[in-house]
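A structural walkthrough
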There are 2 protein chains.
Amino acid sequence: MRETDFISGFAKGLSVIEAFDAANPRLSITDISRITGLERATARRCLLTLAQLGYADYDGKFFSLSPRILRLGHSYLTATPLPRLLQPFLDQLSEKTGESASASVLDGNEIVYIARASHKRVMSINLNPGSRLPAYCSSMGRVLLAAMNDGDAKSILESSNRKANTPNTKTTIAELMAELQLISEQGYAVIDQELEIGLCSIAIPVRNMRGTTIAALNVGAQAPRVTVDEMVTTYLPVMQSTRDTLAGLLV
Amino acid sequence: MRETDFISGFAKGLSVIEAFDAANPRLSITDISRITGLERATARRCLLTLAQLGYADYDGKFFSLSPRILRLGHSYLTATPLPRLLQPFLDQLSEKTGESASASVLDGNEIVYIARASHKRVMSINLNPGSRLPAYCSSMGRVLLAAMNDGDAKSILESSNRKANTPNTKTTIAELMAELQLISEQGYAVIDQELEIGLCSIAIPVRNMRGTTIAALNVGAQAPRVTVDEMVTTYLPVMQSTRDTLAGLLV
DNA sequence: GATTTTTGTTCGTATATCGCACAAAGCGTG
DNA sequence: CACGCTTTGTGCGATATACGAACAAAAATC
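Residues numbered from 1 in each chain as written. Chains lettered and ligands numbered in written order. Predicted model: local features only at pLDDT ≥ 70, side-chain atom pairs only at ≥ 80, totals over all residues.

Looking up chain A in an unreviewed UniProt entry gives the name IclR family pca regulon transcriptional regulator, with the organism given as Phyllobacterium trifolii.

Shown next, in the form of structure tokens:
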């Protein structure tokens, strides 16, 4: 690819969109400039462009994203066959287990939820397609990492901010690599309150016909109500049968 | 705003992202050029930029969006206080009514779901934050249109592709404007299988402290199981009480 | 209320992007 | 395998954009 095949104005604009988050819902031109590292003049031009296109609102002082931004993410969810294919299976799975069922893929060192059937809220945070969690401490993240070669998995773990969310959280590379090895052998991952106290989950890989892992699916449950052993004995078989039904549909 | 305050490269890039949808999950350079109306060379540069940034995958022939795209839409959901504020109330509402509860805002002639507590699937399509429905034939859309002045509402209706999804669907401007008037007077909107056979829903406006309607919230139910009258007598009071609890939290 | 600091806007210029035209590479078809 | 036909890649002049600094306008501080 040549130098001129990259539109830096586009890249800068995208970084401006990503500058908005929970901590910074309303941003001034200077704020954006600080966060993105763009010149104030450039940041302003990006923001005015977003506002003009209806992707952002501007009250003369602060910019905020408008719901039209959701079109962009939604393009992915509707354009990608996998989320739409998985959804009905997750609905079934959630029904059979009485718990929330989700599917996700990897993006960098995070997992991204691409489909979900939520049964009842068990987590403090609300999860939706598009939501992200660190891969190192989530059941689906571990399944997806375990499917990679050791070198790649290790470098993702190293690039992660491996903080101990709970006393249970595994944080060292050694612990995590051993865990990935185990997951790879047994074919599933179990998280026992490593992300949040009270939250357990179990995940398995979803493979296409060539055997490549293309996603993970999981079931989450409340810790005091369900033990890790119960998850393996009761949920795992249902999940595996769901996956087997799926398997034929995947390219 | 001056001419030079608009970055056309950015705008073009965004239109490229939106070119992907369910019918076109994988697109070549020429496809994109056709859909967006951009020059092939420009379309190519946009796509290569997306690929280079990790927002798209490229197999040498076709481009497809990558899950990283979801970051963009998610920026809105996490950065905007309203969705996060509404979510727990929708959870409660869904629990109390035993049905799915949602909140949405208007974007052009569509409503955009910004939060949702789904109970069990009643619709053929799966709804999530970011999902869109035409405003003219959805309960929340009608509530949001009824909150606008007549001229604006009318022009949105006129710009809509008002197709009859079912025999019940109101499609003429006259019918719809009369319906908006009624909704405005009674303070709620009821849809009886106008979007999909078997689907009923009821919606009310959510207003901020200045009295401006900033969103709509609704409860959906299955038609044979629940009648329109039952929705008004049983769900409406619960919804109104949810909204009243909310009201104090809205700026 | 003056001064300092911060923020927003404008402007000329260096530079990167655009769109066109052309070249190259696939892709079926006969 | 040569032939159109379609799609993709590239070079170049014209044009639009980004940069940095300077200027203007608010806030903030004293």
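Right, picking up where we left off after that structure.
Turning our eyes to something else, we now look at the overall build of chain A. The helix and strand tally for chain A stands at nine helices and eight strands. When contacts within chain A are restricted to residue pairs at least 6 apart in sequence, long-range pairs at least 24 apart make up 54% of them. (Helix = DSSP H or I, 4+ residues; strand = E, 2+ residues; numbered from the N terminus. Contact = placed C-beta atoms within 7 Å.)

On to the nonpolar core, then. With 148 residues, the main nonpolar core has Leu47, Val143 and Ala216 of chain A together with Val143 and Ala216 of chain B as its most contacted residues. In this structure alanine 216 of chain A touches Ala103, Ser104, Met140, Val143, Leu144, Ala203, Ile204, Pro205 and Val206 of chain A, once residues within four positions along its chain are discounted. (Core = buried A, V, L, I, M, F, W, Y, C linked by C-beta atoms within 7 Å. Buried ≥ 20, exposed ≤ 12 C-beta atoms within 10 Å, placed from the backbone.)

All names here are of chain B. Here helix 1 (residues 8–19) crosses helix 3 (residues 40–53) at 75°, and the two axes come no closer than 10 Å. Comparing their axes, helix 3 and helix 1 come out roughly perpendicular. Residues Lys12, Gly13 and Val16 of helix 1 lie in contact with helix 3, whose contacting residues are Thr42, Ala43, Cys46, Leu47, Thr49 and Leu50. (Axes fitted to C-alpha atoms, helices over the stretch in contact; angles between N-to-C directions. Parallel < 35°, antiparallel > 145°, perpendicular 65-115°, else oblique.)

Okay, the sheet that holds strand 4 (residues 110–117) of chain B next. Residue and element names in this part refer to chain B. Taking strand neighbours across the sheet as the criterion, the six strands line up as 5-4-3-8-7-6 in an open arrangement whose pairing is antiparallel. Each edge of the sheet is formed by a strand with only one pairing partner; in this case those strands are strand 5 (132–134) and strand 6 (189–192). Across this sheet, the average inter-strand angle for adjacent strands is 30°, counted without regard to direction. Sheet topology note: the strand 4/strand 5 ladder contains three bridges and is antiparallel. Its bridge partner lying in strand 5, glutamate 110 is registered against proline 134. In the packing of helix 9 (residues 228–247) onto the sheet, contacts are made with strand 6, strand 7 (199–207) and strand 8 (213–222), and the angle to strand 7 comes to roughly 25°. (Pairing = 2+ DSSP bridges.)

Residues and elements named next belong to chain A. Tracing the backbone shows leucine 82 in helix 5 (residues 81–97). C-beta crowding within 10 Å serves as the criterion here: with 21 such atoms nearby, leucine 82 is assigned to the buried category. Once residues within four sequence positions are removed from consideration, leucine 82 is found in contact with Ile114, Ile214 and Ala215.

With that settled, consider the UniProt feature "domain: HTH iclR-type" (unreviewed entry) in chain A. The feature "domain: HTH iclR-type" (unreviewed entry), as given by UniProt, occupies residues 7–67 of chain A in the numbering adopted here. Secondary structure across residues 7–67 of chain A divides into 54% helix and 10% strand, with the first and last C-alpha atoms of the span separated by 25 Å. (UniProt positions renumbered as here; feature names shortened; annotations may be inferred.)

A separate point is the relation of the copies chain A and chain B. For the match of chain A to chain B, the screw axis carries a shift of 0.0 Å, the RMSD comes to 0.1 Å, and the turn is 180°. Expressed as a symmetry operation, the mapping of one chain copy onto the other fits a two-fold axis. (Least-squares fit on C-alpha atoms with pLDDT ≥ 70 in both.)

Inspection of the region around DNA strand D gives 19 residues, with Gly9 and Thr42 of chain A together with Ser8, Ser28 and Thr30 of chain B positioned closest. By residue class, the composition of the surface near DNA strand D is six nonpolar, seven polar and six charged. (Near = placed C-beta within 6 Å. Nonpolar A, V, L, I, M, F, W, Y, C, P; charged D, E, K, R; others polar.)

Attention shifts here to the pairing of strand 3 (residues 100–107) of chain A. Residue and element names in this part refer to chain A. Of all the eight residues making up strand 3, seven are buried; the element is thus mostly covered by neighbouring parts of the structure. Looking at chain direction, strand 3 and strand 8 (residues 213–222) are connected through five bridges and run antiparallel. Counted as the bridge partner of alanine 103 is leucine 217 from strand 8. Here strand 3 hands over to strand 4 (residues 110–117) after two residues, with glycine 108 in that stretch at a positive phi of 65°.

Turning our attention to the domain arrangement of chain A. If you check the domain split of chain A, you get domain 1 (3–70) and domain 2 (80–247). Between the C-alpha centres of domain 1 of chain A and domain 2 of chain A there is a distance of 33 Å. (Domains from an automatic or database assignment.)

Right, let's talk about the environment of glutamine 193 of chain A for a bit. Residues and elements named next belong to chain A. Note on placement: glutamine 193 falls in the loop between strand 6 (189–192) and strand 7 (199–207). When the 17 C-beta atoms within 10 Å are taken as the criterion, glutamine 193 is described as partly exposed. Here the alpha-carbon distance between glutamine 193 and phenylalanine 6, two residues 187 residues apart in the chain, equals 44 Å. With sequence-adjacent residues up to four places away left out, glutamine 193 is seen in contact with Thr166, Asn168, Gly198, Leu199, Cys200 and Ala223.

Moving on, we come to the pairing of strand 6 of chain B. Here strand 6 of chain B pairs with strand 7 of chain B via four bridges, running antiparallel. Each bridged residue has a counterpart across the sheet, and for valine 190 of chain B the counterpart in strand 7 of chain B is isoleucine 202 of chain B.

With that out of the way, let us pick up the interface of chain A and chain B. In this assembly, 50 residues from chain A lie in contact with 50 residues from chain B. Within the residue set of the side of chain A that touches chain B, elements represented by two or more residues are helix 1 (8–18), helix 3 (40–53), helix 4 (70–79), helix 5, strand 3 and strand 4 of chain A. The element contributing the most residues to the side of chain A that touches chain B is helix 4 of chain A, with ten residues. Among the residues forming the side of chain A that touches chain B, the class breakdown is 26 nonpolar, 15 polar and nine charged.

Glancing now at the sheet that holds strand 4 of chain A. Residues and elements named next belong to chain A. Overall, antiparallel pairing links the six strands, which are arranged 5-4-3-8-7-6 in an open sheet. Each of the sheet's edge strands pairs with one partner strand only, and the pair in question is strand 5 (132–134) and strand 6. Direction aside, the axes of adjacent strands within the sheet are offset by 30° on average. Sheet topology places strand 3 next to strand 4; seven bridges connect them, and they run antiparallel. Residue pairing in the sheet places serine 102 in a bridge with arginine 116 of strand 4. Strands strand 3, strand 4, strand 5, strand 6, strand 7 and strand 8 of the sheet are contacted by helix 6 (residues 139–146), whose axis makes an angle of about 35° with strand 7.

Of all eight residues in helix 6 (residues 139–146) of chain B, eight are buried, a share of seventy percent or more. Ser139, Met140, Gly141, Arg142, Val143, Leu144, Leu145 and Ala146 of chain B are the residues of helix 6 of chain B that are buried.

Another aspect to go through is the confidence of the model for chain A. With 97% of its residues at a pLDDT of 70 or more, chain A has an overall mean of 92. Note on the complex model: pTM 0.91, ipTM 0.89. (pLDDT = per-residue confidence, 0-100.)

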